[in-house]
Amino acid sequence: MSEHISNAVFYLPFGYYYTVRLGTLPQLLSWMLIYIMPTAFYSYMTCQLALLPFVVNYLLLLTAVFSLYELGYILNDTIAIRYEQQPAVRLYPDNFRHFSLYARVIVLARFAYAAIALGVLYLMDASLVTLPLVINILAIPVIFAIYNSWRSRYNVWLYPVLVFSRYLPFMLLYRIDALAIMMLFLSFPLLNMLERFSMPAYRFPLMRRLIPAEESKTAFRVWYYALLLLILSILGVLYIIPYLLIIPVLILFVYRLLLAFWVSGHRPTNYLNG
């Protein structure tokens, strides 16, 4: 984390997440691979648009979704940590003071970004802004609030719902495709869920064997994508799923494999967080 964090990040879409939660360019690139790449790929598979209008729609929806998801991070880092025995303090005293003075403005700004982005999307094509899409986006801060206030080892069961809530909206924008939604879930949210069950505070017996320590995540991620790629390839050979839908999994497998080789001789900061 940097030695100073500007209070402007509370108001800038993506600014808070990059500055406070990511912090480095490699982490940003990792986030783009595990979030931007699969959501954009599978969403594009469900639409009939040319690339340019799709990109515009995607960026508008991304702004709406992540503005509210970042709000969850902000409330976690400023309020929820007060109730944790060993909180991860990511902000500085000046940031806490600013939030206490302007909390309502920050919350309103975040909802305003989401509303404006969805409003522009509606003006461009009213058929895209459906009730399920709006409900999903509005549910994000609600799920995050429940997760932040639920002080129990069992809140780990809510975590995959929270994570997938930022993935699912991109699959509700065009044609609903159950197979593409499942592939999107497998691409990262499922892996993230399994890793969450391995954390010391939640470590369940099965996951304790698979991921006995934080450093074990590197190998676990490689094996996860290798096994998933094998299963999906077999399903492709049997014509159960199109090969095209396997591409993001292949990309993530190559990424995790290369990263595993690289970290064997290096120890980059926070590489296990992405």
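Quick caveat, the model's predicted, so the values are computed rather than measured.

A. Summary view of the overall build of the chain. Across its full length, the chain carries 11 helices and 0 strands. The order of helices and strands in the chain, counted from the N terminus, is α-α-α-α-α-α-α-α-α-α-α. For 274 residues, the compact-globule estimate of 2.2 N^0.38 gives 19 Å, and the C-alpha radius of gyration of the chain, at 19 Å, lies within 12% of that figure. Along the first, second and third principal axes, the C-alpha atoms of the chain reach 60 × 50 × 35 Å. Contacts spanning at least 24 positions in sequence make up 72% of the contacts within the chain whose residues lie at least 6 apart. For the chain, the centre of its 18 positive side-chain charges and the centre of its 10 negative side-chain charges are spaced 7 Å apart.

B. The packing of aromatic side chains, seen in detail. On inspection of all chains with the given rule, the structure shows 26 aromatic pairs. Centroid distance W157 to F197: 4.8 Å. Interplanar angle 70°. Geometry classified as edge-to-face. Separated by 40 residues along the polypeptide, W157 in the loop between α5 (131-149) and α6 (159-165) and F197 in the loop between α8 (189-196) and α9 (205-210) bring together distant segments of the chain. A residue is classified by how much of its surface remains accessible, and W157, at 52% relative accessible area, is exposed. Each ring, one from F164 and one from Y167, has its centre 6.5 Å from the other, and the planes form 15°; the classification is stacked. Residue classification places F164 among the buried positions, given a relative accessible area of 15%. Note on Y167: relative accessible area 0%, which makes it buried.

C. Up close: the nonpolar core. Counting residues in hydrophobic clusters, the biggest one holds 80 residues, and the most contacted among them are Y16, Y35, Y42, L61, I137, Y225 and V249. The element contributing the most residues to this core is helix α3 (residues 51-78), with 12 residues. Aside from chain neighbours lying at most four places away, what touches V249 is Y42, M183, Y225, L228, L229 and L232.

D. Local environment of helix α10 (residues 217-237). Look at α10: 30 Å from first C-alpha to last across 21 residues, which is about the 30 Å you get at 1.5 Å a residue. K217, T218, F220, R221, V222, Y224, Y225, L228, L229, L232 and G236 are the residues of α10 that are buried. Looking one or two places after α10, you find Y239, whose phi comes out positive at around 60°.

E. Region of interest: the packing of helix α2 (residues 25-44) against helix α11 (residues 247-263). Packing of α2 against α11 brings their axes to within 10 Å, and their N-to-C directions diverge by 170°. By the criterion of interaxial angle, the relationship of α2 to α11 is roughly antiparallel. Contact residues: S30, L33, I34, M37, F41 and Y42 in α2; I247, P248, V249, I251, L252, Y255 and R256 in α11. The residue inventory of the contact of α2 with α11, partitioned by class, reads 11 nonpolar, 1 polar and 1 charged.

F. Highlighting a nonpolar patch on the surface. A cluster of nonpolar residues, L227, L230, I231, I234, V237, L238, I240 and Y243, forms a patch on the protein surface that exposes about 800 Å² of accessible area. Looking at the element boundaries, Y243 is found in the loop between α10 and α11.

G. Quick look at unusual backbone geometry. Even without glycine at this site, F14 takes up a positive phi of about 75°. Its place among the elements puts F14 in the segment before α1 (15-22). Overall, F14 belongs to the partly exposed group, its relative accessible area being 26%. Backbone geometry places Y239, a non-glycine residue, at a positive phi of 60°.

H. Structural view of the pattern of salt bridges. Scanning the model with the defined rule gives 6 salt bridges in all. Linking D77 and R21 is a salt bridge whose minimum nitrogen-to-oxygen distance equals 2.8 Å. One end of the pair, D77, is in helix α3; the other, R21, is in helix α1, with 56 residues separating them in the sequence. With a closest N to O distance of 3.1 Å, R90 and D77 form a salt bridge. A residue pair is termed long-range when its members are at least 10 positions apart, and R90 in the loop between α3 and α4 (93-124) and D77 in helix α3 qualify at 13 residues. Exposure remark for R90: the relative accessible area of 24% places this residue in the partly exposed category. On the basis of relative accessible area, D77 is assigned to the buried category, the value being 0%. Beyond isolated ion pairs, a larger network of salt bridges with shared partners links R21, D77 and R90.

I. How the structure looks around the environment of I251. Looking at the element boundaries, I251 is found in helix α11. Separated by 26 residues in sequence, I251 and Y225 have C-alpha atoms that sit 9.5 Å apart.

Thresholds applied
Going along each chain's sequence as written, the residues are numbered from 1 onward. In view of the model being predicted, local features appear only for residues whose pLDDT reaches at least 70, and side-chain atom pairs are presented and counted only at 80 or more, with totals across whole chains, interfaces and linings using the full set of residues. Side-chain numbers here rest on the full set of heavy atoms in the structure, without hydrogens or water. What counts as a helix is a DSSP run of H or I of at least four residues, what counts as a strand is a run of E of at least two, and both are numbered from the N terminus. Taken over C-alpha atoms, the radius of gyration is set against a globule rule of 2.2 Å times the number of residues to the power 0.38. Pairs of residues are marked as contacts when any of their non-hydrogen atoms sit within 4.5 Å. In summary, the charge assignment counts Lys and Arg as positive and Asp and Glu as negative, without counting His or the chain termini. A charge is said to be at NZ when it belongs to Lys, at CZ for Arg, at CG for Asp and at CD for Glu. When the centres of two rings from Phe, Tyr and Trp lie within 6.5 Å, Trp using its six-membered ring, the rings pair. Their planes under 30 degrees apart give stacked, over 60 give edge-to-face, and anything left gives tilted. Note on classification: 1.4 Å probe, protein chains only; a residue is buried when its accessible area is under 20% of the maximum for its type, exposed when over 50%, partly exposed between these limits. Grouping buried Ala, Val, Leu, Ile, Met, Phe, Trp, Tyr and Cys residues that are joined through side-chain atoms within 4.5 Å yields what is termed a nonpolar core. In this analysis, the expected span of each helix is defined as 1.5 Å times one less than the number of residues it contains. A fitted line through C-alpha atoms represents every axis, and for helices the fit uses only the stretch in contact; the resulting angles, taken between N-to-C directions, go from 0 to 180 degrees. Working rule for angles: under 35 degrees goes down as roughly parallel, over 145 as roughly antiparallel, 65 to 115 as roughly perpendicular, anything else as oblique. Classes in brief: Ala, Val, Leu, Ile, Met, Phe, Trp, Tyr, Cys and Pro nonpolar; Asp, Glu, Lys and Arg charged; the others, Gly included, polar. Patch construction takes residues with relative accessible area above 30% that form no salt bridge. Like charges are linked within 9 Å, and nonpolar side chains (Val, Leu, Ile, Met, Phe, Trp, Tyr) are linked within 5 Å. The method behind every accessible area is Shrake-Rupley, applied with a 1.4 Å probe, and residues are considered shielded solely by the protein chains displayed. When a carboxyl oxygen of Asp or Glu is within 4 Å of a side-chain nitrogen of Lys or Arg, the pair counts as a salt bridge.

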